[in-house]
Amino acid sequence: MTAGRGRTGRPPLTEERKAEIRLEIAHAAVRLFVTQGVAATTGEQIGQAVGVSARTVWRYFPSKESCVRPLLMAGVELIADALRRWHPGRPLDEVFDFDSGAGSDSGPGGETGTGGRLLAGPDRATVGALVRLTRTEPGLRAVWLQTHDEAEPAFARALAERAGLPAGDLRPAIQAAMFNGALRAAVEHHAWHTAATPADPATARAELAATLRSALAVVAEGVG
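Everything numeric in this text was worked out from a predicted model, so none of it was measured.

Quick notes on the rules
Residues numbered from 1 in each chain as written. Predicted model: local features only at pLDDT ≥ 70, side-chain atom pairs only at ≥ 80, totals over all residues. Heavy atoms only, no water. Helix = DSSP H or I, 4+ residues; strand = E, 2+ residues; numbered from the N terminus. Buried < 20%, exposed > 50% of the residue type's maximum accessible area, 1.4 Å probe, protein only. Contact = heavy atoms within 4.5 Å. Expected span 1.5 Å × (residues − 1). Phe/Tyr/Trp six-rings, centres within 6.5 Å; stacked < 30°, edge-to-face > 60°. Lys NZ or Arg CZ within 6 Å of the ring centre and 35° of its normal. Axes fitted to C-alpha atoms, helices over the stretch in contact; angles between N-to-C directions. Parallel < 35°, antiparallel > 145°, perpendicular 65-115°, else oblique. Left-handed = near helix turned anticlockwise from the far one by under 90°. Arc of directions from axis to C-beta. Salt bridge = Lys/Arg side-chain N within 4 Å of Asp/Glu carboxyl O.

Visitor: Even after reading the chapter, I still don't get the overall build of the protein, so can you show me in this structure?
Guide: When you go through the protein residue by residue, the secondary structure sums to ten helices and zero strands. Put simply, the protein has 224 residues, and 40% of those count as buried. The long-range fraction of contacts in the protein, counting pairs at least 24 apart against all pairs at least 6 apart in sequence, stands at 63%.

Visitor: Looking at this structure, I do not really get helix 8 (residues 138-163). What am I missing?
Guide: Along an α-helix, a turn takes 3.6 residues, which lines up residues three or four apart on a common side. Between its first and last C-alpha, helix 8 extends 38 Å over 26 residues, near the 38 Å set by a 1.5 Å rise per residue. Where helix 8 is concerned, the buried positions are Leu140, Val143, Trp144, Thr147, His148, Ala151, Ala154, Phe155, Ala156, Ala158, Leu159 and Ala160.

Visitor: Looking at this structure, I do not really get the packing of aromatic side chains. What am I missing?
Guide: Centre distance and the angle of the planes are the two values used to describe a pair of aromatic rings. Summed over all chains, the structure comprises one aromatic pair. Note on Phe155 and Phe179: the rings are 5.5 Å apart at their centroids and 85 degrees apart in plane angle, and the pair reads as edge-to-face. Residue Phe155 is located in helix 8, and its partner Phe179 is located in helix 9 (residues 170-193); the two are separated by 24 residues in the primary sequence. Residue classification places Phe179 among the buried residues on the basis of a relative accessible area of 3%. Above the plane of the ring of Trp192 lies Arg135, whose end atom (NZ or CZ) is 4.1 Å from the centre. Over the aromatic face of Trp86 sits the side chain of Arg162, whose NZ or CZ is 3.9 Å from the ring centroid.

Visitor: What am I meant to see in the packing of helix 5 (residues 76-84) against helix 8 here?
Guide: Helix packing for two helices is described by the angle between their axes and how far apart those axes are. In the contact formed by helix 5 and helix 8, the axes pass within 8 Å of each other and the chain directions differ by 20 degrees. Here helix 5 lies roughly parallel to helix 8, going by the angle between them. Here helix 5 runs over helix 8; the crossing is right-handed. Within the contact between the two elements, helix 5 uses Val76, Ile79, Ala80, Leu83 and Arg84 and helix 8 uses Ala151, Ala154, Phe155, Ala158, Leu159, Glu161 and Arg162.

Visitor: Can you help me understand helix 10 (residues 201-221) in this one?
Guide: Here helix 10 spans 30 Å end to end across 21 residues, near enough to the 30 Å set by a 1.5 Å rise per residue. All of the buried residues along helix 10 are Ala204, Leu208, Ala209, Thr211, Leu212, Ala215, Leu216 and Val219. Down the axis of helix 10, the sector holding all buried residues measures 165 degrees, keeping them to one side. Residues Ala202, Val218, Ala220 and Glu221 are exposed on helix 10 and point more than 90 degrees away from its buried face. Of the residues trailing helix 10, Gly222 is marked for its positive phi of about 75 degrees.

Visitor: Could you clarify how one ought to interpret the pattern of salt bridges in this entry?
Guide: Pairing is possible between side chains that carry opposite charge, provided their charged atoms lie close to one another. Applying the stated criterion to the full structure yields eight salt bridges. The partner of Glu15 in a salt bridge is Lys18, with the nearest N and O atoms 3.4 Å apart. With Glu15 and Lys18 both in helix 1 (residues 15-36), this residue pair falls three residues apart, about one helical turn. Owing to a relative accessible area of 56%, Glu15 belongs among the exposed residues under this scheme. The partner of Arg17 in a salt bridge is Glu20, and the shortest N-O contact between them spans 3.1 Å. On the criterion of helical spacing, the pair formed by Arg17 and Glu20 is a turn pair, its members being three residues apart in helix 1. The network of salt bridges with shared partners includes Arg17, Glu20 and Glu24.

If you want it as structure tokens, here you go:
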């Protein structure tokens, strides 16, 4: 009898590595979209930029516009977690602790709080450029809006959990819709109004924080 052959070839990728590849593709796609336009960018070019084949790009994403989705979704769980831990009576604009690197939502070792991680991440400038493109590129606009559409139920579940309400309760659903809309409007406003005057990182961070605070203050006021 002959011994059966063992498995040959490369070992399967871990989920963590797959996520890293998706994010690498997202960064490359945005860079190419910004420098040469969406229409002129091909799957082959996106793949070459990160050292993978076009076939790999299409294995992870159904279209070149959808390649940017990992960048847009990166903060959703971070925001939802902050909403779950939002203490009753605490102002909504303090949920993300924009002013402090280690606020009440930081870890036991003093690591950066939610607001700091959202504003100081390396993707901020990239996402800003991407959001500006959504104004003129319908395919990217669709992905941007779809991302917010998918984020809203996550925010609603977090708010319901915080309040001890059923997941399908109307109140957290309405709160999530207002919150989600305010975040989208604030990020778009900041991206579109800072395109012509790029600031240094510290100034840009402060300006984005101020814009988000203003948006969340409007949500807290409600309609009336």
